[in-house]
Amino acid sequence: GCGGSTPSNGNESNDKPAGEVVAMTFNHAFTEQDSRGKTYQFFADKVKELSDGTIDIQVYPTEGLVKNQEALKAVMTNTVDMAACPTSLNSNEAKALAPLDVPGLFNPRKWREANEAITPIMNEILAEYKQRYLFATDEGETIFYINNKNAREVHSPADIKGLRIRDHGMWIGKTLEAWGASPMTVVPADVAVAFDRGTVDGGYTGWPFVYNFKLFESAPNISVLGLSNSTWQYVSISDAAWQKLSKEQQEIMLEAAELAMDYNEGLMEDYEASFYEAVESVGGTVYRCTDEERAVFMEASKGLYEEVAAYSGEKGVKLMETLRALPW
Amino acid sequence: MLWMTGLIFLILILILFIGTPISLGLGFLGMAGIMLFLNPNLLSQLCLITYTQATSVTTLMIPLFILMAELLANSGVASDMFDTIARKLKMLPGNLAISSIVASAIFSAVCGSAPATAATIGTISIPSMIQKGYDAKFAAGLQAAGGTLGILIPPSITFIMFGIITETSIVELFMAGIIPGIFLAGLLILYVLIRIKLDPRAIDPTKIKQQEPGIIDERKERRHDLVSVLPILVLIIVVLGLLYTGIVTATESAAVGSIGAFLLVVCRRRLSLDCMRMTLLNTTKNSCMILFLMFGGLVFAFFLSAYGLPQELAGYVIAVSPNRWITYIVVMIVLLILGCFLEPVGILMITMPFIFPTLTAMDFDPIWLGVTVTIACCIGMITPPVGMNLFVLKGAVPELTLETVIKGAVPMVLILLAGLVILTVFPGISTWLPSTM
Amino acid sequence: MLLKKFTTILGYVSGFMIFLTGVIMLYDVFARYFLGSPSVWAQSISQYLILAAAFFGTSYCLQSGGHVHVEILVDRVRPLPRRILFTLGYLFALIFAAALLKSCWEYAVMAYQFAWDAQGNLPLPSVILYGIMVFGSVMLILTLLARVVEIWRKGEEKEAEK
Ligand code: NA
Ligand code: NA
């Protein structure tokens, strides 16, 4: 870069030829302690290490640069070079991503396989928005977490009929409606109070969210439905930033991405175990839905596949078919 | 880092002092900072920052609570309330002064803004007091202080902003403000009783003015029994009750409040065309003022945060601070100084990105911080040179000069400071109610 | 004059939108508890309405002196420096408003090109909302310019008044 030129002192046998350092910004919404927050920092560190410091990724946690719902646009306009993008907040713009918001398209335990399968089509979709797909993180299996005394365990849609369930996006709202629940929007800052006070009867999302916000303390009745989460959390990089990298540096980015996903998998195993421990420590209950019970839920919301296909267009259908073709 | 921070504040003060609208000035400085120190590409953020904030579910409640207060103020329902309370307290010494505090406290529970509370009650209470021989400085200062309850007793735009910036629960902040608000009202009433006892000039019987016919007579003809107070109390209890029990979210409580106020005004047959016109226009004016202050402030905060100033400054403060309480006291002093020049939403927008992470990292309770920071902002509303409560009272009551209002506000600053100290030392006063939720 | 009238009308429109938001949200609470089915659209419509209210109303807010400014210095200097300071202050405001307009315009164009929907449970083409922001910014700029002209034209009369 510019400035700070150090006088050469003769002994430079170890130094690389004076390569330009490529500086990049990376925005995400999680805290530095969150499993995904840690993964992104791990990725940045790995890239720096593998590239001998020629790629310097500055990570901005907790929406430090842009809000999550702006992530896709921010990368597109080069406001940030990289961002973690949740499809649930961006699929209103990149409509072909919408199928990833519908729970039940693939087995969340096999997210690495899913990631591998969709990478080409994701790149096809994101190319239109001047960016490229890098890697994804585990969003966990979906759970119901209920604070209504009358519905401790959720076995079938009948158990949540009429309950006020917190939603977080259009497609999750539609899914909950299809299951007979009353979806309701609550802002994140007030979610804890809403559960505590019974403004809502429960929620339905991936368990990491429930863990992060300690929602199991006020809604301790957990039923693991085990569908894919109603969002796909992926990292994308702008075309402009990608082209600044040499071929070799691009390879390094992809290698670091694989390592970051390995790292994330390891983190999530421990993290999941400690989540269920935490639930039990506050006297909560954990029920794991059977395959048959899960099938009933999937059957009930099957109509959404057609709806999302109509919404998300040709590429969206391709994405959806790719995921549905994966073995459960 | 400190130099840079100092420089930015200096430029900010310069921009604001030449009369730039604060909201757009903050936006301009943020924008200039982005261009000079970051990347001009980031200017595309202006639209997104604004869009995201304007469509946020939390932002929604600001205009709704403004609508609620405007309805009650423009329909005369608020003035009826003051007259009734004054009548009920007739046997107390200084009944009008006490009524102005009680009416302010009640109106605070339907109004989210301090100047609006001061102006609505002050327009009625101050002329009544002056007419009955009260010292004008005493009357104006007291009302200016009473108005600050508007942002302490929920609903409160300051709490909403604090909640938005720091991602603290707005419901809990609202609940935390109730008891401190009542406590400060009590402190002000105590001051009235002591002052009247010790200072005979506070109410000078020889200065009682002859009744002017007209407006006052018309107000006198109205009914002054509980019918004029009860509906407001019911509305307050309904809104806070729905919130406390969790039947509605904070945002929805604003809708209940505003439409509830509308129905109340309709039922009392006070919905004149004039009232409706004033209400619509003032709601627009005040809402846009706050919303654009937020937009501009967020652009400024975006620049600071992307540049890394808050983070580094927080790290620096933690590193050099010998003791968390010293840091806290320094922060409070900074807020009070800023309070001399800026109004609460502006202060929060500028300082909280720096201050909040620092203080929470030092283990201070976020909700309690919300209350003490808000009281510091309250004090700023009655300190010159820029004190919104002082300005609106001067504007609302033609017989007052700014000098009178400012002189009257001086002792009140001390009272509120005493309140701040007490609430700092006894955090339970603020945190108990939200902890029962 | 025409600008002022139009701006005032926008002020009413904005106020009415806020009122409407209250009605819609209250209906949503009612639907949740008494009809057993909360409306999916109420929340989204309310969010869009407040954005629209903010941008329809901001020029009225400026015109009616609602965008607060610090007066202590400018009120103390003589008419000419006073006008210069005010003009400079409004120039800063104008630059910000222009940058906001440019940014909103760019997004309106992108939203149209890529057929973006607004975030929320009710798909609404984003171009409508960005378009409202463009319109509001233009009105804000016009009103700012009108204020500057006013300061130079009426400044003397006001000074005499004082
Ligand atoms: Na209030
Ligand atoms: Na002040």
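Residues numbered from 1 in each chain as written. Chains lettered and ligands numbered in written order. Predicted model: local features only at pLDDT ≥ 70, side-chain atom pairs only at ≥ 80, totals over all residues. Heavy atoms only, no water.

1. A few points about the sheet that holds strand S10 (residues 233–238) of chain A
Residues and elements named next belong to chain A. Across the sheet, five strands lie side by side as S2-S1-S3-S10-S4; this open sheet has mixed pairing. Two strands bound the open sheet, and with one partner strand each, they are strand S2 (55–60) and strand S4 (131–136). Sheet twist, expressed as the average angle between the axes of neighbouring strands with direction ignored, equals 30 degrees. Sheet topology places strand S1 (residues 22–27) next to strand S3 (residues 82–86); two bridges connect them, and they run parallel. Across the sheet, Asn 27 pairs through a bridge with Ala 83, a residue of S3. Relative to the sheet, helix H4 (residues 111–127) contacts S4 and S10, its axis offset from that of S4 by approximately 170 degrees. Taken strand by strand, helix H9 (residues 247–281) contacts S1, S2, S3, S4 and S10, and its axis lies near 30 degrees from that of S4. (Pairing = 2+ DSSP bridges. Helix = DSSP H or I, 4+ residues; strand = E, 2+ residues; numbered from the N terminus. Axes fitted to C-alpha atoms, helices over the stretch in contact; angles between N-to-C directions. Contact = heavy atoms within 4.5 Å.)

2. Notes on the nonpolar core
Counting 285 residues, the largest nonpolar core has Phe 43, Ile 57, Met 82, Trp 232, Tyr 234 and Met 253 of chain A together with Tyr 130 of chain C as the members making the most contacts within it. Filtering out sequence-adjacent residues up to four positions away, Tyr 130 of chain C remains in contact with Lys 73 and Glu 93 of chain A, Cys 47, Leu 48 and Tyr 51 of chain B together with Cys 104, Tyr 107, Ala 108, Ala 111 and Trp 116 of chain C. Core analysis: the second largest hydrophobic core is formed by 22 residues, Ile 143, Val 186, Leu 215 and Ala 278 of chain A among them. (Core = buried A, V, L, I, M, F, W, Y, C linked by side-chain atoms within 4.5 Å. Buried < 20%, exposed > 50% of the residue type's maximum accessible area, 1.4 Å probe, protein only.)

3. Let's talk about the packing of helix H4 (residues 61–74) of chain B against helix H14 (residues 273–307) of chain B
Residues and elements named next belong to chain B. For the pair H4 and H14, interaxial distance at closest approach is 9 Å and the crossing angle is 145 degrees. Crossing of H4 over H14 shows right-handed handedness. Along the contact surface, H4 presents Ile 62, Pro 63, Ile 66, Leu 67, Glu 70, Leu 71 and Asn 74, while H14 presents Cys 275, Met 278, Thr 279, Asn 282, Thr 283, Asn 286, Ser 287, Ile 290 and Met 294. By residue class, the composition of the contact of H4 with H14 is nine nonpolar, six polar and one charged. (Left-handed = near helix turned anticlockwise from the far one by under 90°. Nonpolar A, V, L, I, M, F, W, Y, C, P; charged D, E, K, R; others polar.)

4. What to know about unusual backbone geometry
A cis amide bond links Pro 154 of chain B with the next residue in sequence, Pro 155 of chain B, at an omega value of -5 degrees. Residue position: Pro 155 of chain B is located in the loop between helix H8 (136–148) and helix H9 (157–166). Even without glycine at this site, Thr 62 of chain A takes up a positive phi of about 45 degrees. Considering the arrangement of structural elements, one finds Thr 62 of chain A in the loop between S2 and helix H2 (71–76).

5. Some points on empty space enclosed by the protein
Across all of its chains, the model carries seven cavities of 30 Å³ or more by this definition. Put simply, the largest cavity is a space of about 120 Å³. In terms of lining, the largest cavity is formed by 12 residues, of which the most central are Pro 183, Met 184 and Thr 185 of chain A together with Asp 28 and Ser 39 of chain C. For the lining of the largest cavity, the elements supplying multiple residues, two or more each, are strand S7 (182–184) of chain A together with helix H1 (2–34) of chain C. Tallied by class, residues from the lining of the largest cavity come to four nonpolar, four polar and four charged. (1 Å grid on protein atoms, 1.4 Å probe; cavity = no way out; pocket = protein on both sides within 12 Å on 5 of 7 lines; lining within 4 Å. Points joined across faces, edges and corners; volume = space filled by probe spheres on them.)

Honestly, that's just the spatial picture; any functional story needs more than this.
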